[in-house]
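Fold and contact review
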Amino acid sequence: MVLFLFMAFNLGLLALAAGAFVLVWSLRNSDVGSNIARAVGVIISVLALISLVYLGSDLMRAMTGGHNIQRPAGMPVPPPQPSMQGHVQQTITKPAQPAQKGQ
């Protein structure tokens, strides 16, 4: 899943670069169609920025453990295992009982 997020993020960067290229080209040229190219460049750049923000947050959540990549959605989460540390501490600090004779 992280690989697909990286690929989508890279495609978003390419779209942002393409939108910036079209926008700069339309600002330098004043031919017929430069207004349309300017509008297309702005639309592409804005959509690329929105998708990069979303993909960046999703990618950071996946890298920091927010997503459980190993377990499919809908699969139940196993309950946590009981810790033995409390039991070990009780047996260490508890004084030994003297053995009773005659039984």
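Residues numbered from 1 in each chain as written. Predicted model: local features only at pLDDT ≥ 70, side-chain atom pairs only at ≥ 80, totals over all residues. Heavy atoms only, no water.

1. Notes on the overall build of the chain
Convention followed: Helix and strand labels come from DSSP, where a helix needs a run of H or I of at least four residues and a strand needs a run of E of at least two; each type is numbered from the N terminus. Here's how the labels work: a residue is buried when its accessible area is under 20% of the maximum for its type, exposed when over 50%, partly exposed in between, all with a 1.4 Å probe on protein chains only. Throughout, a contact is declared for two residues whenever any of their heavy atoms are within 4.5 Å. In short, Shrake-Rupley with a 1.4 Å probe defines the accessible areas, and a residue's cover is counted only from the protein chains shown.
Broken down by element type, the chain carries three helices and zero strands. Element order for the chain, N to C, with α for helix and β for strand: α-α-α. Classification of the 103 residues of the chain by burial places 16% in the buried group. Counting only contacts in the chain whose residues sit at least 6 apart along the sequence, the fraction spanning at least 24 positions is 64%. A total of about 8600 Å² of accessible surface is found on the chain, and carbon and sulfur atoms cover 68% of it.

2. Focus: the pattern of salt bridges
Let me state the cut-off plainly: Any Lys or Arg side-chain nitrogen found within 4 Å of a carboxyl oxygen on Asp or Glu counts as a salt bridge.
In this structure the tally under the stated criterion is one salt bridge. Arg61 is the salt-bridge partner of Asp58, the closest N and O atoms lying 3.4 Å from each other. Within this pair, Asp58 and its partner Arg61 are both found in helix H2 (residues 34–63), separated by three residues, close to a single helical turn.

3. Topic: the confidence of the model for the chain
The predicted coordinates ought not to be read in detail in places where the model reports low pLDDT. Keep this limit in mind: pLDDT expresses, on a scale from 0 to 100, how confident the predictor is about each individual residue.
Residues with a pLDDT of 70 or more make up 63% of the chain, whose mean pLDDT is 77. Here helix H3 (residues 85–93) stands out as the least confident element of the chain, with mean pLDDT 54; helix H1 (residues 2–28) is the most confident, with 89.

4. A look at a nonpolar patch on the surface
Stated precisely, the cut-off is as follows: Patches were defined on residues exceeding 30% relative accessible area and lacking a salt bridge, with like-charge contacts within 9 Å and nonpolar side-chain contacts (Val, Leu, Ile, Met, Phe, Trp, Tyr) within 5 Å.
A grouping of Val42, Ile43, Val46, Leu47 and Ile50 is seen on the molecular surface, where their side chains present a nonpolar patch of about 460 Å² in accessible area. In this structure, Ile43 sits in helix H2.

5. Side note on the nonpolar core
To be explicit about the condition: Among buried residues, the Ala, Val, Leu, Ile, Met, Phe, Trp, Tyr and Cys ones that are joined through side-chain atoms within 4.5 Å form a nonpolar core.
Formed by Val2, Leu5, Leu55, Leu59 and Ala62, the largest nonpolar core amounts to five residues. At the level of elements, H1 and H2 are the ones that each hand at least two residues to this core. With three residues, H2 is the largest single contributor of residues to this core. Excluding its chain neighbours within four sequence positions, the residues that come into contact with Leu55 are Leu5, Ala8 and Phe9.

6. Observations concerning the packing of H1 against H2
Spelled out, the test is: Axes here refer to lines fitted to C-alpha atoms; in helices the fit is confined to the stretch in contact. Angles between the N-to-C directions go from 0 to 180 degrees. Any angle from 65 to 115 degrees is called roughly perpendicular, while one under 35 is roughly parallel, one over 145 is roughly antiparallel, and all others are oblique. Rotating anticlockwise by less than a right angle from the far helix to the near helix defines a left-handed crossing, while the corresponding clockwise rotation defines a right-handed one. The residue classification treats Ala, Val, Leu, Ile, Met, Phe, Trp, Tyr, Cys and Pro as nonpolar and Asp, Glu, Lys and Arg as charged. All others, Gly included, are polar.
At their nearest, the axes of H1 and H2 sit 7 Å apart, and the two run at 155° to each other. It follows from the interaxial angle that H1 and H2 lie roughly antiparallel. H2 is crossed by H1, and the crossing has left-handed handedness. Each residue belonging to the contact of H1 with H2 can be placed in one class, and the counts come to 23 nonpolar, seven polar and two charged.

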